[in-house]
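# Examining the three-dimensional arrangement
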Amino acid sequence: GRVLDTAKAVGDILGLPVAAVPTVGATCAAWAAVTIQYDDIGRFVNFRNNAHSARLVLADPEVILRSPVRYLHSGVVDTFAKLYEIRPVNESHPENIPFDVALYASGIAFDRLVAKTFTAEKEAETGVFSSDAKDVVDSIIYLAGFAGSLKTELSQYSFAHPFYHSATRITTTHGKLHGEIVATGIIVQLLLEEKTEEELARALELFRSFGDLFSLSDLGLGESKEKLASSVSFLSKDIKASFGTPWTEDEVSRALFSADSIIKDFKK
């Protein structure tokens with residue numbers, strides 16, 4: 001993703017068209033008209049909104065389905081996050097057409113990934129790459145990238161992506177993939193939204209089925225209570241200060257600790 005993002009930014013600066021050839025399905029970076037900028041040690045710095053998506057995207061389902069499944073599942077959950085994050089923004093701005101379109105596209109992607117990912121993976125093990133494999137790749141790269149590229153004056157990201165961006169500023173998280181960190185952010189977001197226990201349980205089970213259910217300590221945010229408390233304090237302040245989420249630092253802190261406890265209990 002960072003290689004593709006860098007190429008897109010260079011193309012945007014130089015006014016040149018970019019061709020993207022993703023070899024894993026871990027993110028929608030090949031399509032999305034945005035570059036995420038990091039510093040030299042991998043900490044999030046800023047967003048760069050590029051004028052265009054890649055002019056050409058060559059995504060071979062066989063290449064992507066033969067890559068390590070961890071990358072594919074990270075991309076699946078990152079695509080799920082588009083729906084979870086766009087939904088509350090859409091609810092608070094119901095007449096915003098770009099959000100309506102983004103919600104529709106992310107909903108199609110969500111449904112297709114739930115229905116087809118495991119079938120596509122089983123077929124790939126036997127050398128078969130059917131329409132299911134194509135739909136999985138299109139959902140992760142095209143539909144998620146399209147939904148994330150629709151620009152408005154408002155942010156589409158409610159909490160899970162701000163959580164990821166903030167978490168990268170703690171270097172012990174760098175062993176985890178983008179979607180793996182975002183998955184935990186979604187659970188925190190659902191608590192902040194005060195969603196029902198049933199909806200929370202569905203998300204926990206869904207993420208567990210893709211192997212992307214991680215506690216804060218799993219993500220590298222603290223092996224001891226003291227380190228965990230320090231990480232939560234930093235995340236709460238950074239998310240509020242840098243990303244302007246509507247929740248207070250105390251609310252974020254409580255949700256982070258609650259999510260950590262819930263995830264640990266659910267994994268037992």
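Residues numbered from 1 in each chain as written. Predicted model: local features only at pLDDT ≥ 70, side-chain atom pairs only at ≥ 80, totals over all residues. Heavy atoms only, no water.

## A few points about the overall build of the protein
Per the secondary structure count, the protein includes ten helices and four strands. When the elements of the protein are put in sequence order from the N terminus, they spell out α-β-β-β-β-α-α-α-α-α-α-α-α-α. Computed over C-alpha atoms, the radius of gyration of the protein comes to 18 Å, within 12% of the 18 Å expected from 2.2 N^0.38 for 268 residues, which places it in the range of a compact globule. Overall, the C-alpha framework of the protein stretches about 45 × 45 × 40 Å when taken along its three principal axes. Residue burial in the protein is summarised as follows: out of 268 residues, 49% are buried. Restricting to contacts in the protein with at least 6 residues of sequence separation, those with at least 24 account for 74%. Total accessible area on the protein stands at roughly 12600 Å², and carbon and sulfur atoms take up 55% of it. In the protein, 27 positive and 36 negative side-chain charges are present, and the distance between their average locations comes to 3 Å. (Helix = DSSP H or I, 4+ residues; strand = E, 2+ residues; numbered from the N terminus. Rg over C-alpha atoms; globule rule 2.2 N^0.38 Å. Buried < 20%, exposed > 50% of the residue type's maximum accessible area, 1.4 Å probe, protein only. Contact = heavy atoms within 4.5 Å. Areas by Shrake-Rupley, 256 points an atom, 1.4 Å probe, with all protein chains shown as cover. Lys, Arg positive; Asp, Glu negative; His and termini not counted. Charge placed at Lys NZ, Arg CZ, Asp CG, Glu CD.)

## Details of the side chain of Thr245
Relative to the elements of secondary structure, Thr245 occurs in the loop between helix H9 (225-243) and helix H10 (249-267). You can call Thr245 buried: its relative accessible area is 3%. Contact partners of Thr245, with chain neighbours within four places excluded, come to Ser158, Phe159, Ile239 and Lys240.

## Some thoughts on the pattern of salt bridges
Counted under the stated rule, the structure contains 16 salt bridges. A salt bridge links Asp5 to Lys8; the shortest N-O distance between them is 3.0 Å. Here the residue Asp5 and the residue Lys8 both occupy positions in helix H1 (residues 2-14), the gap between them amounting to three residues, near one helical turn. Lys8 shares its class with Asp5; the two are buried. The closest approach of N and O atoms between Glu199 and Arg87, which form a salt bridge, is 2.8 Å. Separated by 112 residues along the polypeptide, Glu199 in helix H8 (residues 197-209) and Arg87 in helix H3 (residues 69-92) bring together distant segments of the chain. Bridged by salt links that share partners, the residues Arg112, Lys116, Asp132 and Asp135 form one connected network. (Salt bridge = Lys/Arg side-chain N within 4 Å of Asp/Glu carboxyl O.)

## Things to note about the packing of aromatic side chains
Tallied over the entire structure, the rule returns eleven aromatic pairs. Judged by centre distance (6.1 Å) and plane angle (70°), the rings of Tyr84 and Phe207 are edge-to-face. Of this pair, Tyr84 sits in helix H3 while Phe207 sits in helix H8, and the two are 123 residues apart along the sequence. No difference in accessibility class separates Tyr84 from Phe207, as the two residues are buried. Ring centres of Tyr142 and Phe146 lie 6.2 Å apart, and the angle between their planes is 35°; on these two criteria the pair is classed as tilted. (Phe/Tyr/Trp six-rings, centres within 6.5 Å; stacked < 30°, edge-to-face > 60°.)

## Section: the environment of Val188
Mapped onto the secondary structure, Val188 falls in helix H7 (residues 178-192). Among the residues examined, Val188 registers a relative accessible area of 0% and is labelled buried. Between the C-alpha atoms of Val188 and Leu200, which are twelve residues apart in sequence, the distance is 9.8 Å. What Val188 contacts, discounting residues up to four positions off in sequence, is Phe159, Ala255, Leu256 and Ala259.

## Some details on the pairing of strand S3 (residues 44-49)
The pairing of strand S2 (residues 34-38) with S3 spans five bridges and is classified as antiparallel. Looking across to S3, one finds that Tyr38 is bridged to Phe44. (Pairing = 2+ DSSP bridges.)

## Examining the packing of H3 against H8
Put simply, H3 and H8 touch, their axes get as near as 12 Å, and they point 160° apart. The angle between H3 and H8 places the two elements in the roughly antiparallel class. Considering how the two elements wind past one another, H3 and H8 form a crossing that is left-handed. Across the interface between the two elements, Val77, Phe80, Tyr84 and Arg87 of H3 pack against Glu199, Ala203, Leu206 and Phe207 of H8. Grouping the constituent residues of the contact of H3 with H8 by class yields six nonpolar, no polar and two charged. (Axes fitted to C-alpha atoms, helices over the stretch in contact; angles between N-to-C directions. Parallel < 35°, antiparallel > 145°, perpendicular 65-115°, else oblique. Left-handed = near helix turned anticlockwise from the far one by under 90°. Nonpolar A, V, L, I, M, F, W, Y, C, P; charged D, E, K, R; others polar.)

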